[in-house]
Amino acid sequence: MTDERGVLVTGGAGFVGATLVRRLTGSGYRVRVLDNYSTGDPAHLAGVDAELIEGDIRDELALASAVGGMQAVVHLAAAGSVIGSIQDPAANFEVNVLGTFRVLDAARTAGVQQVVLASTGGALIGDAEPPVDEQSLPKPISPYGASKLAGEGYAHAFAHAYGLRTVAVRFANVYGPWSERKRGAMNLFFQAIHAGQPIVIYGDGSASRDYIHVDDIANVLQLALERELPGGTVLHAASGVETTVAELAELCSQAAGLPGYPVERLPARQGEVGRNFASYDLASKLLGYTPTVTREQGISSTWQWYREHVFNGS
Ligand SMILES: NC(=O)c1ccc[n+]([C@@H]2O[C@H](COP(=O)([O-])OP(=O)(O)OC[C@H]3O[C@@H](n4cnc5c(N)ncnc54)[C@H](O)[C@@H]3O)[C@@H](O)[C@H]2O)c1
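Quick caveat, the model's predicted, so the values are computed rather than measured.

Draft legend 1. Region of the structure containing the overall build of the protein chain. Broken down by element type, the protein chain carries 11 helices and 13 strands. A globule of 314 residues ought to have a C-alpha radius of gyration of about 20 Å, and the protein chain, at 19 Å, matches this closely. With the C-alpha coordinates of the protein chain rotated into their principal frame, the extents come out at 55 × 45 × 40 Å. The buried share among the 314 residues of the protein chain stands at 51%. Each charge sign in the protein chain was given a centre, from 23 positive and 33 negative side chains, and these centres are 2 Å apart.

Draft legend 2. Main features of the sheet that holds strand β6 (residues 165-171). If you trace the 7 strands from one edge of the open sheet to the other, you get β3-β2-β1-β4-β5-β6-β11, paired in parallel fashion. Edge positions in the open sheet fall to β3 (51-54) and β11 (233-237), since each of these has one partner strand only. Adjacent strand axes in the sheet meet at a mean angle of 20 degrees, parallel and antiparallel pairs treated alike. Bridge count between strand β1 (residues 6-10) and strand β4 (residues 72-75): 4 bridges; the pairing is parallel. Within the sheet, the bridge partner assigned to Thr10 lies in β4 and is His75. The sheet contacts of helix α6 (residues 143-162) involve β5 (114-120), β6 and β11, and relative to β5 the element is tilted by about 155 degrees. Along the sheet, helix α8 (residues 214-226) makes contact with β1, β4, β5, β6 and β11, crossing β6 at roughly 165 degrees.

Draft legend 3. Representation of a nonpolar patch on the surface in the model. Together, Val200, Tyr202 and Leu266 give the surface a local cluster of nonpolar side chains, amounting to about 210 Å² of exposed area. Its place among the elements puts Leu266 in strand β13 (residues 263-266). For Leu266, a relative accessible area of 33% translates into the label partly exposed.

Draft legend 4. Broad picture of the site of the ligand. Around the ligand, 29 residues are found, and the nearest of them are Asp35, Thr39, Leu76, Tyr144 and Lys182. In the model, a nitrogen atom of the ligand is placed 3.1 Å from a nitrogen or oxygen of the Asn36 main chain. Here Lys182 contributes a side-chain N or O atom positioned 2.7 Å from an oxygen atom of the ligand. Burial of the ligand by the protein chains amounts to 94% of its free accessible area of 830 Å². When residues of the shell around the ligand are traced back to their parent elements, those giving at least two are α1 (15-26), β5, α6 and β7 (173-175). Taken together, the residues that form the shell around the ligand break down as 14 nonpolar, 10 polar and 5 charged.

Draft legend 5. Representation of the environment of Trp178 in the model. Locating Trp178 in the fold gives a position in the loop between β7 and α7 (185-195). Overall, the relative accessible area of 19% leaves Trp178 in the buried class. Taking the C-alpha atoms as reference points, Trp178 and Val214, separated by 36 residues in sequence, lie 9.4 Å from one another. Trp178 has contacts with Phe15, Ala18, Thr19, Arg22, His44 and Trp305, leaving out every residue within four places of it along the chain.

Draft legend 6. Quick peek at the pattern of salt bridges. Taken as a whole, this structure holds 9 salt bridges when the rule is applied. One salt bridge in this structure joins Asp56 and Arg58, with 2.7 Å as the shortest N-O distance. Judged by relative accessible area, Arg58 falls into the partly exposed class, the value being 29%. A salt bridge links Arg165 to Glu228; the shortest N-O distance between them is 3.9 Å. Remark: Glu228 occurs in the loop between α8 and β11 and Arg165 occurs in strand β6; sequence separation between them is 63 residues. Through salt bridges with shared partners, a single ionic network connects Glu129, Glu242 and Arg275.

Draft legend 7. Seen up close, the packing of helix α9 (residues 245-255) against helix α11 (residues 295-309). Two elements in contact, α9 and α11, have axes whose closest approach is 9 Å; the angle formed by their N-to-C orientations is 55 degrees. Here α9 lies oblique to α11, going by the angle between them. For the element pair α9 and α11, the recorded crossing hand is right-handed. Judged by residue contacts, Glu247, Leu248, Leu251, Cys252 and Ala255 of α9 engage Arg295, Glu296, Ile299, Ser300 and Trp303 from α11. Along the lines of polarity and charge, the residues of the contact of α9 with α11 split into 6 nonpolar, 1 polar and 3 charged.

Draft legend 8. Main features of the side chain of Gln114. In this structure, Gln114 sits in strand β5. Within the local environment of Gln114, its side chain forms a polar contact with the side chain of Arg5, the two groups lying 3.1 Å apart. Look past the residues within four positions of Gln114 in its chain and what remains in contact with it is Arg5, Gln71, Ala72, Val73, Leu164, Arg165, Ala224, Leu225 and Arg227.

Draft legend 9. Here's a closer look at the packing of aromatic side chains. Counted by the stated rule, this structure contains 11 aromatic pairs. Ring centres of Tyr175 and Tyr211 lie 6.5 Å apart, and the angle between their planes is 70 degrees; this geometry places the pair in the edge-to-face category. Here Tyr175 is found in strand β7, whereas its partner Tyr211 is found in strand β10 (residues 211-213), with 36 residues between them in sequence. No difference in accessibility class separates Tyr175 from Tyr211, as the two residues are buried. Seen from their ring centres, Tyr280 and Tyr289 are 5.4 Å apart, and the 80 degrees between their planes marks the pair as edge-to-face. A relative accessible area of 21% places Tyr280 in the partly exposed class. Taking NZ or CZ as reference, Arg108 lies 4.4 Å from the ring centre of Tyr162, over its face. One Lys or Arg, Arg269, reaches over the ring of Tyr202 and ends 4.0 Å from the middle of that ring.

Definitions and cut-offs
Residues numbered from 1 in each chain as written. Predicted model: local features only at pLDDT ≥ 70, side-chain atom pairs only at ≥ 80, totals over all residues. Heavy atoms only, no water. Helix = DSSP H or I, 4+ residues; strand = E, 2+ residues; numbered from the N terminus. Rg over C-alpha atoms; globule rule 2.2 N^0.38 Å. Buried < 20%, exposed > 50% of the residue type's maximum accessible area, 1.4 Å probe, protein only. Lys, Arg positive; Asp, Glu negative; His and termini not counted. Charge placed at Lys NZ, Arg CZ, Asp CG, Glu CD. Pairing = 2+ DSSP bridges. Axes fitted to C-alpha atoms, helices over the stretch in contact; angles between N-to-C directions. Contact = heavy atoms within 4.5 Å. Patch = residues over 30% accessible without salt bridge, like charges linked within 9 Å, V, L, I, M, F, W, Y side chains within 5 Å. Areas by Shrake-Rupley, 256 points an atom, 1.4 Å probe, with all protein chains shown as cover. Salt bridge = Lys/Arg side-chain N within 4 Å of Asp/Glu carboxyl O. Near = heavy atom within 4 Å. Polar contact = N/O pair within 3.5 Å; in protein donor to acceptor, adjacent residues only side chain to side chain. Nonpolar A, V, L, I, M, F, W, Y, C, P; charged D, E, K, R; others polar. Parallel < 35°, antiparallel > 145°, perpendicular 65-115°, else oblique. Left-handed = near helix turned anticlockwise from the far one by under 90°. Phe/Tyr/Trp six-rings, centres within 6.5 Å; stacked < 30°, edge-to-face > 60°. Lys NZ or Arg CZ within 6 Å of the ring centre and 35° of its normal.

Written as structure tokens, this is what we have:
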């Protein structure tokens, strides 16, 4: 289904936003972006038919003006680094907890019908036997994970107290085009391969993640906007495939045409979960979601994107 609804995308100039905003404008939505460009870049949306507003989600006046005339909000803006949240938990709280509260409150005040929030699977649930799902007990082990759980709590409360239709989508580890400013493993591995440096792995390489292509995340977010779900719904958006860090290093090497590329191991870092992958059964049931990009296809096409857009063809 497509419609002409106005959608505010907070953090729309970031990695996920770059793909989501293209998809929504391509589907006929009127899209407005509110972003302070702290980790995003307006160049990510060059040539895209969306209205860009530079502003901060902690700023109530900026938010009030940005939600005006919008029917829905997709809230992506966040301080997204687990390690950064351990180094400065107060800064993380300000953006992810206070900022998310302000987004929900601005939406409620302006009479916006629906807010879809970006949440997280691994960091929010913490160390648990995978696959995790919506029934897993959240026990975050980083301030970042705790901040996303707090956001889900407010989303649930605003649904019940005010009738705001909120949906929290817990992303697995997202990868794909426009991620060149991220500090995720795949980006760092590609940068290392391109620079001729060894790939650095923290820990013994057995830590695992669930990698989902950004096209599939944009798909889930659009479905969440278009299906009638009860307010306060929480969904995992994942590939359901477990990939260890060591496997990822090899998959990146193969994508670059350099299988067996050298790896250097350093001690594991605090706050990072060990094994993680998620079940997307509920998203399938409620949204008809199923991943469309395989791990091998997605990593290969992402390497090609890096070659063309980040490494200037080399
Ligand atoms: N990328 C992943 O693997 C992943 C996994 C789980 C959850 N998420 C969540 O998805 C969302 C999008 O992540 P991303 O990977 O695109 O990150 P990103 O850092 O590329 O995008 C976040 C955007 O928000 C903007 N922003 C940050 N603070 C802001 C503020 N105070 N006011 C206004 N704008 C602000 C940034 O400039 C950036 O454009 C985040 O909520 C993140 O926590 C991402």
